[in-house]
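Close look at the chain arrangement
Below are the chains, spelled out letter by letter.
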Amino acid sequence: MTARTMDDHALTLTGVLTRAERLHGRREIVARAPDGEVHRTTYAAVLGRSRRLANALTGLGVAGGDRVATLLWNQPEHLECQFAVTGMGGVIHPLDPRFDAEELAFIVEQAGDKVLVVDETLLGRAAPLLGRVEHVVVVGHVSDGGDGPAATIAYEELVAGAEPIEWPQLSERQPAALAYTSGTTGRPKGVVHSHRALVLHSLTAALPDALGISAGDGVLPIVPMFHANAWGLPFACAMAGAALVLPGMRLDAVSLLDLLDVERVTMTAGAPEVGRALLAAVDAEPRRWDLSALRRMVIGGASVPAALVDGLDRHGVEVLQAWGMTELAPLGTACHLPHDLADAPDAQRTAFRVRQGRPLPLVEIRAHDESGAEIAWDDCAVGELQVRGPWVASGYEGGDVHEHHTADGWFRTGDVVAIDEHGCIRLCDRSRDLIRTGGEWISSVDLETTLMAHPAVAEAAVIAAPDERWGERPLAVVVCAGGAETDADTLRAHLGREFAAWQVPDRVTFLDAIPRSANGKSNKAALRQLMMIGAPT
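Here is a short report on the structure shown in this document. (Residues numbered from 1 in each chain as written. Predicted model: local features only at pLDDT ≥ 70, side-chain atom pairs only at ≥ 80, totals over all residues. Heavy atoms only, no water.)

Scanning all chains against the criterion turns up one aromatic pair. Pairing phenylalanine 83 with phenylalanine 235 gives two aromatic rings, centres 5.8 Å apart and planes at 50°, and the pair type is tilted. Separated by 152 residues along the polypeptide, phenylalanine 83 in helix α3 (residues 76-88) and phenylalanine 235 in helix α9 (residues 233-240) bring together distant segments of the chain. By the burial criterion, phenylalanine 83 is buried, and phenylalanine 235 matches it. The ring of phenylalanine 106 has arginine 187 lying over it, and the distance from NZ or CZ to the ring centre is 4.3 Å. Seen from the ring of tyrosine 396, lysine 189 lies directly overhead, with NZ or CZ sitting 5.9 Å from the centre. (Phe/Tyr/Trp six-rings, centres within 6.5 Å; stacked < 30°, edge-to-face > 60°. Helix = DSSP H or I, 4+ residues; strand = E, 2+ residues; numbered from the N terminus. Buried < 20%, exposed > 50% of the residue type's maximum accessible area, 1.4 Å probe, protein only. Lys NZ or Arg CZ within 6 Å of the ring centre and 35° of its normal.)

Dropping the structure here:
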């Protein structure tokens, strides 16, 4: 019989929750309601309500391992659900309202969700799910029928009618959270993360060379909780004791900047298009908001143009680019400047900062070429990024546990990267989006990033178009910045300053908007359909 040692203590989220309630109970959680009114609460109040909610969910038949779905914004009730469900031993399953009805129905059916907690503003999105769960709990006004579900439970009544529980003893290996990928190339895939994975992810995310979260911070997660659990910020902030500012459903630039200013937020996080919107608003009215407290904006989900890095720098806000995937819970890398580049020229520093970063502690990376050979870190060659670590998922819900893994246990990300001598990855493309012309590869990401550096371009996406002579040629799709005008020849000349003539797109098409996936990325499958181009082979 193996003796139990002192280091056998289970890594479960109940420890995170207990610590937050005891040590950081007075730290504020600020939330904006749909009407714009700002409400203030604390970790102690939210966690007290979470323990009541956990008891109430038990009364609804939720037991250990059962899935509880949420269709909510970044609001206190969503935090309460995250804390209650994971703390009681259930599995929290945030649903993305941007999925279409058929995808939502598929996801809930496959996940086997037992309860759905939905905000009253999202009841319309919940309609296809009503017959697929045992109970529907509504945050806000409960309809008597009419335009809402006939049999619902009021969230506030549910919480108020229950006594708080003490968190049970859990296994660190048991599932805690379920998230689905965007499904742009097929059905969405479910990824389950254990307590151990999320505890280690939270601890590492808070480190100085990761996101750098401390008890002195005020964090505004613009990235929604239904997108990879807001990049892990709720649990990382609870662990560190950072104040949380929750924007609710109002995510326009002015509303966000008002919160950043008034609440003296020190860190925020969101996609590049959010950063561009904030920058445009501040550039238009530079004296309207005081952002002196804001030290950092974490940006992920897509490559960050140098113009956005330099633009936010002008306002004293550091851009920290991070890379990750739902399968990584989601953080894998963060782009901090190495010490030996601290005094490098600005252009060199910016060129580094627009890369996707170096692996976080406990995460390992490597790149393999098409033959399966590993590429040296200081090689200029590109290959598929492979990762492994304690929060890298081992498989998908309902799928082969080894799906997308190599024989020696590394997760194949499908991202094509180059890794420099610092161990910093530069994302070149998704493997399915690389453009092969005349036997040579062209990175759509590099073309997009350079296009978005042009002042007249707000958004850009590059896809492969069939070509009789070369097999494929790049096609650029561009959205002009508000009030700006340009033409195809101007943009092709702009690209020609950095790319060889054979890499420059033959065609540039202008659209009012680029289709986006449920997680906000350019949906190139939909774009190919729009441009009447078949899927890549």
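Another aspect to go through is a negative patch on the surface. The grouping of Asp340, Asp378, Asp379 and Glu421 at the surface amounts to a negative patch. In this fold, aspartate 379 is placed in the loop between β17 (364-368) and β18 (383-388). Classification of aspartate 379 as partly exposed rests on a relative accessible area of 38%. (Patch = residues over 30% accessible without salt bridge, like charges linked within 9 Å, V, L, I, M, F, W, Y side chains within 5 Å. Areas by Shrake-Rupley, 256 points an atom, 1.4 Å probe, with all protein chains shown as cover. Salt bridge = Lys/Arg side-chain N within 4 Å of Asp/Glu carboxyl O. Lys, Arg positive; Asp, Glu negative; His and termini not counted. Charge placed at Lys NZ, Arg CZ, Asp CG, Glu CD.)

What follows concerns unusual backbone geometry. Proline 330 follows alanine 329 through a cis peptide bond whose omega is 0°. As for its position among the elements, proline 330 is in the loop between β14 (318-324) and β15 (331-334). In this model, alanine 230 sits at a positive phi of 55°, which is unusual for a non-glycine residue. Here alanine 230 is to be found in helix α8 (residues 228-231). The phi dihedral of tryptophan 231 falls on the positive side, at around 60°, and the residue is not glycine. With respect to the element layout, tryptophan 231 can be found in helix α8.

Moving on, we come to empty space enclosed by the protein. Applying the stated criterion across every chain yields a total of four cavities of 30 Å³ or more. Counted as a void, the second largest cavity has a volume near 80 Å³. Lining the second largest cavity, in full, are Leu257, Leu260, Thr268, Leu278, Leu279, Val282, Leu291, Leu294, Met297, Leu312, His315 and Val317. Of all the elements in the fold, those that place two or more residues in the lining of the second largest cavity are α10 (253-262) and α11 (272-284). Each residue belonging to the lining of the second largest cavity can be placed in one class, and the counts come to ten nonpolar, two polar and no charged. (1 Å grid on protein atoms, 1.4 Å probe; cavity = no way out; pocket = protein on both sides within 12 Å on 5 of 7 lines; lining within 4 Å. Points joined across faces, edges and corners; volume = space filled by probe spheres on them. Nonpolar A, V, L, I, M, F, W, Y, C, P; charged D, E, K, R; others polar.)

All right, on to the nonpolar core then. Of all hydrophobic cores here, the largest spans 89 residues; its most connected members are Val117 and Ile213. The contact partners of valine 117, leaving out residues within four places of it in the chain, are Val68, Ala69, Thr70, Leu71, Leu72, Cys81, Val137, Val139 and Tyr155. Listed in part, the 27 residues of the second largest apolar core include Val30, Leu257, Leu259 and Val319. (Core = buried A, V, L, I, M, F, W, Y, C linked by side-chain atoms within 4.5 Å. Contact = heavy atoms within 4.5 Å.)

Our next topic: the pairing of strand β2 (residues 38-42). Of the pairings in the sheet, the one linking strand β1 (residues 28-32) to β2 comprises five bridges and is antiparallel in character. Within β2, the residue paired with arginine 32 across the bridge is valine 38. (Pairing = 2+ DSSP bridges.)

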